[in-house]
Amino acid sequence: ALQIEADAELDVISEFYDNDGSLTFVGSGGLLRLRGPITDDNSELGTSFTPAQGTVCYCDDAAQTVFTKIDATTAFSYYNLSIDNFTAAVATVEAGTTLDVDNHFRIMDQDASFTSTSGTMTVGGNFECQGTFTHNSGTVTLDGTGSIVGSRDANYDTVFNVLNIDTTGTVTVDGDFSVASTFTI
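Source: prediction; values computed, not measured.

### Describing the sheet that holds strand 5 (residues 48-50)
Read across the sheet, three strands follow the order 1-3-5 without closing on themselves; strand pairing throughout is parallel. Two strands lie at the open edges of the sheet, namely strand 1 (2-4) and strand 5, each paired on one side alone. Direction aside, the axes of adjacent strands within the sheet are offset by 10° on average. Two strands pair when backbone bridges link them, and strand 3 (residues 22-25) and strand 5 are joined in this way by three bridges, in the parallel orientation. Note on strand 5: the bridge partner recorded for Leu23 is Phe49.

### Observations regarding the nonpolar core
If you look at the biggest cluster of nonpolar residues, it comprises 38 residues, and the most contacted ones within it are Tyr58, Val66, Tyr78, Phe105, Phe114 and Phe127. A total of three residues in this core trace back to one element, the largest contributor, which is strand 18 (residues 158-165).

### Describing the side chain of Ser82
Within the secondary structure, Ser82 is located in strand 8 (residues 80-83). Residue Ser82 is classed as buried on the basis of its relative accessible area of 6%.

### Some points on the environment of Val171
Its place among the elements puts Val171 in strand 19 (residues 171-174). With 142 residues separating them in the primary sequence, Val171 and Gly29 have C-alpha atoms 23 Å apart. Excluding residues within four positions of it along the chain, Val171 makes contact with Leu142, Gly144, Gly146, Ser147, Ile148 and Ile165.

### Remarks on the pattern of salt bridges
Enumeration over the complete set of coordinates arrives at four salt bridges. A salt bridge links Arg33 to Asp11, with the shortest nitrogen-to-oxygen separation between them at 3.0 Å. Here Asp11 lies in strand 2 (residues 9-12) and Arg33 lies in strand 4 (residues 28-34), a separation of 22 residues in the sequence. Linking Arg106 and Glu128 is a salt bridge whose minimum nitrogen-to-oxygen distance equals 3.3 Å.

Cut-offs applied
Numbering of residues starts from 1 in each chain and follows the order in which that chain's sequence is written. At least 70 in pLDDT is required for a residue's local features to be given in this predicted model, at least 80 for side-chain atom pairs to be given and counted, and no such filter applies to totals for whole chains, interfaces and linings, which use all residues. Side-chain numbers here rest on the full set of heavy atoms in the structure, without hydrogens or water. Following DSSP output, two strands are said to pair if at least two bridges run between them. Numbering goes from the N terminus for both helices and strands, where a helix is a DSSP run of H or I of at least four residues and a strand is a run of E of at least two. The convention used is that axes are lines fitted to C-alpha atoms, helices contributing only their stretch in contact, and that angles between N-to-C directions extend from 0 to 180 degrees. The term nonpolar core refers to a set of buried residues drawn from Ala, Val, Leu, Ile, Met, Phe, Trp, Tyr and Cys, joined through side-chain atoms within 4.5 Å. Residue burial is assigned from relative accessible area. The probe radius is 1.4 Å, only protein chains are included, and a residue is buried under 20% of its type maximum, exposed over 50%, and partly exposed in between. The contact criterion used throughout is that any non-hydrogen atoms of two residues lie within 4.5 Å. By salt bridge we mean one thing: a side-chain nitrogen of Lys or Arg within 4 Å of a carboxyl oxygen of Asp or Glu.

As far as function goes, none of this settles anything; it's purely spatial.
Here is the structure:
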């Protein structure tokens, strides 16, 4: 079992292999930074995953899979999810799945690149994109209060395929973005 306490940071520089244990964030501010490959053993982030108010950051110089299931069938949610890869590496959501981020999703800077699911990605807080977001013909649903923080750099336009704003709260737009197919409020 691995427990990441509030405000603690764990940098995994080489391969991350959970050996079928549990991964638990406790409190707020914990950070798991994945800088290497993740062993695909049908329990990539543990046999149980408790995000609390922690952040998982995929940040490698090689391609990474952003996992969404504990095993072949059990989906889990991230609290905060950050993409901070570099050198043309792309973080790509596990094929055929739904990505659920309860709070903030961030593509950290212009070198970072993320390919979304062809299904649905749900974000409960801010959707911040300062790098490359590839929509993969999928749907992004914002279901909480927060902001869409699009790119402020003309070379990195944030383009959604389908964007749904599904909240009774207010979503604030800051920066540029566009929608290729359908925009629903």
